[in-house]
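# Results of the structural survey
Below are the chains, spelled out letter by letter.
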Amino acid sequence: MAESDAPIPYDPEDGPYDPNDDAAVDAYWDAATIIHGPGKRGPQKAPPKQLVSLRLSRSVLEYFRATGPGWQTRIDETLKRATEIK
């Protein structure tokens, strides 16, 4: 038996159906309701950011990109502090 064919360990407290029971899986997904379709976002905790095109000096980009993932958010936070916007 291939590793991918092995049954998935299941405890009834793990979820609403046994993932090894094809009929139960199909019934679960047939009754499922899609809350958000593709390209649609739910309510946001904060207003979404606006996409803009902005020219920055190479040295500024190199500095922030070198700080790793999230560098664009750090630019936004730095600009907010510089303009005293909350």
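Residues numbered from 1 in each chain as written. Predicted model: local features only at pLDDT ≥ 70, side-chain atom pairs only at ≥ 80, totals over all residues. Heavy atoms only, no water.

### Quick notes on the packing of helix α2 (residues 58–65) against helix α3 (residues 71–83)
Contact pair α2 / α3: the axes reach a minimum separation of 8 Å and the direction vectors enclose 115°. Considering only the axes of α2 and α3, their crossing is right-handed. Listed contacts from α3 to L61, F64 and R65 of α2 are W71, R74, I75 and T78. (Axes fitted to C-alpha atoms, helices over the stretch in contact; angles between N-to-C directions. Helix = DSSP H or I, 4+ residues; strand = E, 2+ residues; numbered from the N terminus. Left-handed = near helix turned anticlockwise from the far one by under 90°. Contact = heavy atoms within 4.5 Å.)

### Some words on the packing of aromatic side chains
Within this structure, the stated rule accounts for 3 aromatic pairs. Ring plane angle 40° and centroid distance 4.7 Å describe the contact between Y17 and Y28, whose orientation is recorded as tilted. Here Y17 is found in the segment before α1 (22–31), whereas its partner Y28 is found in helix α1, with 11 residues between them in sequence. Looking at Y28, the relative accessible area reads 36%, which means it is partly exposed. Each ring, one from Y63 and one from F64, has its centre 5.1 Å from the other, and the planes form 90°; the classification is edge-to-face. Judged by its relative accessible area of 13%, F64 falls in the buried class. (Phe/Tyr/Trp six-rings, centres within 6.5 Å; stacked < 30°, edge-to-face > 60°. Buried < 20%, exposed > 50% of the residue type's maximum accessible area, 1.4 Å probe, protein only.)

### Focus on the pattern of salt bridges
Evaluated as defined, the whole model comprises 2 salt bridges. Two residues, D76 and K49, come together in a salt bridge whose shortest N-O distance is 3.9 Å. With a gap of 27 residues between them, D76 in helix α3 and K49 in the loop between α1 and α2 connect regions that are remote in the sequence. Of the residues examined, K49 reaches a relative accessible area of 61% and is grouped as exposed. A salt bridge links D76 to K80; the nearest nitrogen and oxygen atoms lie 3.4 Å apart. Here K80 and D76 lie together in helix α3, a separation of 4 residues that amounts to about one turn. According to the relative accessible area criterion, D76 is partly exposed, its value standing at 26%. What emerges from the salt-bridge pattern is a single network uniting K49, D76 and K80. (Salt bridge = Lys/Arg side-chain N within 4 Å of Asp/Glu carboxyl O.)

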